[in-house]
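Tertiary structure, described
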Amino acid sequence: MQGILLGEADTASRDVATPLADADTLARWATEQAALLADHVLDEERQAKTAEIVLECGGDIGALKIVKWGGDWLNAAEFVDQLSEADHLNISFNGEFTYEEDEDTIHPKEFRQDFRQASDVAYVLKVSGAILRGNSGTWPKTSARPSSVNDSNVAHLVRELIRQVWGGDIEPHTPNAVVGTVNSEEIRRDIDRYEVPFAGEERPF
């Protein structure tokens with residue numbers, strides 16, 4: 001993200017400043033950027049990283065991709081549609097799966113080249129929405145920021161979408177589950193598992 005913003009100096013040397021853009025203007029601008037990126041940027045992982053910043057600015061992410069489920073990146077509407085057809089979801093909020101020396105018996109190069117994510121497993125990128133960091137903290141400080149300091153904006157949104165579809169009281173448990181394979185070798189990780197808490201009943205979404 002590039003641009004020139006009017007700011008207020010945070011230090012006597014005037015080498016750090018906080019932008020003065022008001023929240024409504026910032027949110028409106030971010031929403032416009034989300035629509036442009038969804039239409040013109042084909043890199044879906046880049047879309048997901050941008051979604052984090054758009055949410056931090058209080059904007060609407062629209063059709064930007066936010067979750068990789070199996071082999072596909074999904075936007076919020078696609079994620080909701082897929083949830084409505086599923087009865088469980090294994091999901092990581094710590095980013096894509098990488099080689100773990102203490103857990104994997106294969107070579108790191110094999111993992112990088114041949115890892116295939118399981119079809120019932122999803123992940124959200126581990127990113128921070130803060131655009132600027134200075135002596136006065138981070139910017140922007142919008143009301144949209146999740147209360148949990150460990151959650152990114154996108155992770156918070158994904159958790160809320162799961163609760164909308166499967167019920168507000170749903171909470172995950174954290175089994176050690178198969179998240180994918182490298183050739184014929186199963187790859188296991190501790191992961192959040194959500195399960196539909198009812199069977200044969202009408203869903204709330």
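Look up a bit, the structure's there.
Residues numbered from 1 in each chain as written. Predicted model: local features only at pLDDT ≥ 70, side-chain atom pairs only at ≥ 80, totals over all residues. Heavy atoms only, no water.

**Details of the overall build of the chain**
A count of helical and extended segments in the chain gives five helices and 12 strands. Evaluated residue by residue, the chain yields a buried proportion of 40% over its 205 residues. Within the chain, counting contacts between residues at least 6 apart in sequence, those at least 24 apart form 65% of the total. Put simply, the chain shows about 11900 Å² of open surface, and 46% of that area lies on carbon and sulfur atoms. (Helix = DSSP H or I, 4+ residues; strand = E, 2+ residues; numbered from the N terminus. Buried < 20%, exposed > 50% of the residue type's maximum accessible area, 1.4 Å probe, protein only. Contact = heavy atoms within 4.5 Å. Areas by Shrake-Rupley, 256 points an atom, 1.4 Å probe, with all protein chains shown as cover.)

**Structural notes on unusual backbone geometry**
In this structure, N183 takes a positive phi of about 60 degrees despite not being glycine. In this fold, N183 is placed in the loop between β10 (176-182) and β11 (185-190). Residue class for N183 comes out exposed when judged on its relative accessible area of 53%.

**Thoughts on the sheet that holds β11**
In spatial order, the strands read β6-β10-β11; together these three strands make up an open sheet with antiparallel pairing. A strand with exactly one partner marks an edge of an open sheet, and here the two such strands are β6 (115-117) and β11. The sheet shows a mean angle of 45 degrees between the axes of neighbouring strands, direction not considered. Alignment of β6 against β10, held across three bridges, turns out to be antiparallel. Considered in β10, the bridge of Q117 is made with G180. (Pairing = 2+ DSSP bridges. Axes fitted to C-alpha atoms, helices over the stretch in contact; angles between N-to-C directions.)

**Concerning the sheet that holds strand β3 (residues 65-69)**
As summarised here, the arrangement of the five strands in space is β4-β3-β7-β5-β12, forming an open sheet in which the pairing is mixed. The two strands at the open ends of the sheet, each matched to only one other strand, are β4 (72-75) and β12 (192-195). Strand-to-strand twist of the sheet, defined as the mean angle between neighbouring strand axes without regard to direction, takes the value 30 degrees. Summarising the sheet, strand β5 (residues 88-92) and β12 pair through four bridges and their orientation is antiparallel. Bridge pairing in β12 places H88 opposite E195. Packed onto the sheet, helix α2 (residues 44-56) meets β3 and β4 and runs at close to 125 degrees relative to β3.

**Section: the packing of aromatic side chains**
Scanning all chains against the criterion turns up six aromatic pairs. Between F97 and F115 the ring centres are 6.1 Å apart and the planes differ by 55 degrees, which places this aromatic pair in the tilted class. On the criterion of sequence distance, the pair formed by F97 in the loop between β5 and α4 (108-114) and F115 in strand β6 is long-range, its members being 18 residues apart. Residues F97 and F115 agree in their burial class; the two are buried. Members of the aromatic cluster, each reached through a chain of ring pairs, are W73, F97, Y99, F111, F115 and Y123. (Phe/Tyr/Trp six-rings, centres within 6.5 Å; stacked < 30°, edge-to-face > 60°.)

**Focus: the pattern of salt bridges**
Scanning all chains against the criterion turns up eight salt bridges. Across the pair K49 and E45 runs a salt bridge, and its minimum N-O distance is 3.8 Å. In this pair, K49 and E45 are both assigned in helix α2, four residues apart and thus about one turn of the helix distant. Taking relative accessible area as the criterion, K49 reaches 42% and is therefore assigned partly exposed. Here the salt bridges share partners, and the residues they tie into one network are E103, D104 and R189. (Salt bridge = Lys/Arg side-chain N within 4 Å of Asp/Glu carboxyl O.)

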